[in-house]
Amino acid sequence: DVKVTQSSRYLVKRTGEKVFLECVQDMDHENMFWYRQDPGLGLRLIYFSYDVKMKEKGDIPEGYSVSREKKERFSLILESASTNQTSMYLCASPPPGARSNQPQHFGDGTRLSIL
Amino acid sequence: KNQVEQSPQSLIILEGKNCTLQCNYTVSPFSNLRWYKQDTGRGPVSLTIMTFSENTKSNGRYTATLDADTKQSSLHITASQLSDSASYICVVSPYNAGNMLTFGGGTRLMVKP
């Protein structure tokens, strides 16, 4: 069974800290995505990656960066955490190919609180 | 801007009853429309995926319909169970957008005994 694993389910950090959220997939997929989910707003794309060392900005990249050093791992970095980054963060990995009619597989999310 | 609007925002039904969740979208053209179920504290899990040429897709007690002319989709849940309590998210994949998706805000369903 396919698996997307996020390293932390819950995380509490302080304003100004540098925060790392980790995501690992075991499907050998090229594609990996980071979303944040806020009540009533739906999932919004932060960054995505189509290959190792490759990254593209999504809809809301400000305040975030990413790292993809290995195919299976995609890290989201909050350079200097702020309270408005308190949210649920979801990692996803869709199968390869454009216009794929196969589902994206999501991790269980990291609920991040910035105090 | 492409949008996906879901209604109602929340819904409470009694166990065993049927319900229908609505999704209206402006994404056009689109490649496929998906419904996901998200349990509290978990990631979304795919229920159905329909291409623009399909108008119905079932997955057990879940049946999704699609009317591409009116840009509406619905998710019908039959004989609800307590385990159906979750958020249901409508997601549209724009044509030629690869793996980029447009998400609705979700409908939160609570099934009570």
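Counting 23 residues, the largest nonpolar core has B:Y25, B:L33, B:W35, B:L75 and B:Y88 as the members making the most contacts within it. Beyond its immediate stretch of four places on either side in the chain, B:Y25 contacts B:Q3, B:V4, B:F30, B:L33, B:L66, B:D67, B:A68, B:K71, B:Q72 and B:V92.

Residues and elements named next belong to chain B. For the structure on display, the rule yields eleven salt bridges over all chains. In this structure, D39 engages K37 in a salt bridge whose closest nitrogen and oxygen atoms are separated by 3.9 Å. Note on D39: relative accessible area 33%, which makes it partly exposed.

In this fold, B:Q38 is placed in strand β4 (residues 30-38). Setting aside its immediate chain neighbours within four residues, B:Q38 contacts A:Q37, A:L90, B:G43, B:P44, B:A86, B:S87 and B:I89.

On to the packing of aromatic side chains, then. This structure, assessed with the given rule, holds ten aromatic pairs over all chains. Seen from their ring centres, A:Y35 and B:F103 are 5.1 Å apart, and the 75 degrees between their planes marks the pair as edge-to-face. One end of the pair, A:Y35, is in strand β4 (residues 32-38); the other, B:F103, is in strand β10 (residues 102-103), on a second chain. Measuring from centroid to centroid gives 5.2 Å for B:Y25 and B:F30, while their planes differ by 70 degrees, and the two rings are edge-to-face. An identical accessibility class is assigned to B:Y25 and B:F30; each is buried. Pairwise contacts between aromatic rings join A:F33, A:Y35, A:F48, A:Y50, A:F106, B:Y36 and B:F103 into one cluster. Stacked on the ring of A:F74, the Lys or Arg A:R68 has its end atom at 6.0 Å from the ring centre. The aromatic ring of B:Y62 is capped on one face by B:R61, whose charged end is 5.7 Å from the ring centroid.

Calculation notes
Residues numbered from 1 in each chain as written. Chains lettered and ligands numbered in written order. Predicted model: local features only at pLDDT ≥ 70, side-chain atom pairs only at ≥ 80, totals over all residues. Heavy atoms only, no water. Core = buried A, V, L, I, M, F, W, Y, C linked by side-chain atoms within 4.5 Å. Buried < 20%, exposed > 50% of the residue type's maximum accessible area, 1.4 Å probe, protein only. Contact = heavy atoms within 4.5 Å. Salt bridge = Lys/Arg side-chain N within 4 Å of Asp/Glu carboxyl O. Helix = DSSP H or I, 4+ residues; strand = E, 2+ residues; numbered from the N terminus. Phe/Tyr/Trp six-rings, centres within 6.5 Å; stacked < 30°, edge-to-face > 60°. Lys NZ or Arg CZ within 6 Å of the ring centre and 35° of its normal.

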